[in-house]
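Residue-level structural notes
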Amino acid sequence: MAKTGSKKRARPRHWLVKSEPGAFSWQDLCDSPERTTCWDGIRNYQARNFIRDEIAAGDLMLFYHSVAKPTGVAGVAEVVREAYPDPTQFDPAAKYHDPGSDPDDPRWLMFDLRAVEELPSFVTLQDLKANPKLGEMLVVQRGQRLSIQPVKAAEWREVLRMGGLQGSMAR
DNA sequence: GCCAACGTTGGC
DNA sequence: GCCAACGTTGGC
């Protein structure tokens with residue numbers, strides 16, 4: 001596993017995380033102690049590899065509501081603790097229990113996420129799809145199910161602009 | 001509720 | 001290693 005400090009790319013990087021608001025919404029994040037939660041339950045290898053290899057403390061994330069009316073980006077969150085083992089994989093009672101994961105070499109990782117700022121105006125998926133500058137953004141691609149997606153710097157700026165957020169975070 | 005797209009599993 | 005079957009995601 002990558003150790004802290006081994007993630008050498010320029011910081012901060014930008015991401016998009018999906019959550020079904022019926023299970024955990026942007027408001028739920030804001031209402032959490034310290035406006036922070038652990039992002040557990042990731043059981044997809046590509047997303048796991050992002051957590052393990054690329055997501056670092058200080059990275060910023062668009063908090064996206066999937067399976068919602070409407071779907072779209074609700075706010076900006078910050079990674080406040082990077083990759084550590086997701087304990088639910090070892091809990092037989094947990095939905096995300098994975099009996100195949102070795103406690104000495106955990107298969108699944110999580111991180112901690114803190115709400116930073118709500119977008120003054122919610123940016124819907126429809127809005128994103130309608131913006132030609134975002135034509136290559138992963139979340140607008142058909143069939144894109146990855147629950148943690150990298151976001152390019154230009155896309156990040158554009159989404160924040162659309163949501164009415166200017167300033168330092170929009171760099 | 002429908003169904004397209006995708007990821008995983010398991011037989012061979 | 002192939003690929004059909006299955007389960008899940010997620011927009012509509």
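**Points about the nonpolar core**
In globular proteins that are soluble, nonpolar side chains generally tend to be buried together. Ranked by size, the top nonpolar core spans 22 residues in total, and within it Val17, Ile55, Met61, Phe111, Leu113 and Ile148 carry the most contacts. Looking at this core, the elements with two or more residues in it are strand E1 (14-19), helix H1 (26-31), helix H2 (45-53), strand E3 (60-65), strand E4 (72-85) and strand E5 (109-124). Of the residues forming this core, the biggest block, four residues, is contributed by E5. The residues touching Phe111, leaving out its near neighbours within four places in the chain, are Val17, Thr37, Cys38, Trp39, Ile51, Met61, Val79, Arg81, Glu82, Ala83, Tyr84 and Ile148. Ranked by size, the runner-up nonpolar core spans 20 residues in total, among them Leu62, Leu134, Val151 and Val159.

**Things to note about unusual backbone geometry**
That bond from Lys69 to Pro70 is cis: its omega, -5°, falls within 30 degrees of zero. Position of Pro70 relative to the elements: it lies in the loop between E3 and E4. In this model, Glu34 sits at a positive phi of 60°, which is unusual for a non-glycine residue. For Val67, which is not a glycine, the phi torsion comes out positive at approximately 45°. As for its placement among the helices and strands, Val67 is situated in the loop between E3 and E4. With relative accessibility at 62%, the residue Val67 sits in the exposed group.

**Structural notes on the pairing of E1**
Of all the six residues making up E1, six are buried; the element is thus mostly covered by neighbouring parts of the structure. Across the two faces of E1 the burial is the same, with His14, Leu16 and Lys18 and Trp15, Val17 and Ser19 all buried. In the sheet, E1 pairs with E3 via six bridges, with the strands oriented parallel. Counted as the bridge partner of Ser19 is His65 from E3. Pairing analysis gives four bridges linking E1 to strand E6 (residues 148-151), with the strands arranged antiparallel.

**Details of the pairing of E4**
Judged from the six bridges that link them, E3 and E4 form a sheet pairing that is antiparallel. Bridging from a neighbouring strand, Leu62 pairs with Val76 of E4. Linking E3 back to E4 in an antiparallel pair, the connection comprises six residues, with Val67 at a positive phi of about 45°. Pairing geometry for E4 and E5, over ten bridges, is antiparallel.

**A look at the protein's contact with DNA strand C**
Neighbouring DNA strand C are the residues Lys18, Tyr64, Ser66, Val67, Thr71, Leu125, Lys129 and Arg145. Counting only the atoms of DNA strand C that lie within 4 Å of the protein, the sugar and phosphate share comes to 75%. Here a phosphate oxygen of DNA strand C and a side-chain polar atom of Tyr64 are 2.9 Å apart. Contact distances for DNA strand C include 2.5 Å between a base oxygen and a side-chain N or O atom of Arg145. Residue classes in the surface near DNA strand C are distributed as three nonpolar, two polar and three charged.

Cut-offs and rules
- Per chain, the residues get numbers from 1 upward, laid out in the order the sequence is written.
- Written order determines the labels here, with chains lettered from A and ligands numbered from 1.
- Since the coordinates come from a predicted model, pLDDT governs what is reported: local features require at least 70, and pairs of side-chain atoms require 80 or more to be given and counted, while whole-chain, interface and lining totals use all residues.
- To obtain the side-chain values, all non-hydrogen atoms of the structure were included, while hydrogens and water were left out.
- Each nonpolar core is a collection of buried residues, namely Ala, Val, Leu, Ile, Met, Phe, Trp, Tyr and Cys, held together in the definition by side-chain atoms within 4.5 Å.
- Three labels apply to residues, based on accessible area from a 1.4 Å probe with only protein chains included: buried if under 20% of the type maximum, exposed if over 50%, partly exposed otherwise in between.
- Each helix corresponds to a stretch of at least 4 residues labelled H or I by DSSP, and each strand to a stretch of at least 2 residues labelled E; elements are numbered beginning at the N terminus.
- Contacts are assigned to residue pairs that have any heavy atoms within 4.5 Å of one another.
- Strands are treated as partners if at least two bridges between them are detected by DSSP.
- For this purpose, a residue is taken to be near a molecule or strand whenever a single non-hydrogen atom of the residue falls within 4 Å of it.
- Under this definition, polar contacts are N or O atom pairs within 3.5 Å; protein pairs additionally need one hydrogen-donor-capable and one acceptor-capable atom, and for neighbouring residues in sequence, both atoms have to be side-chain atoms.
- Under the scheme applied here, ten amino acids are nonpolar (Ala, Val, Leu, Ile, Met, Phe, Trp, Tyr, Cys and Pro), four are charged (Asp, Glu, Lys and Arg), and all others, including Gly, are polar.

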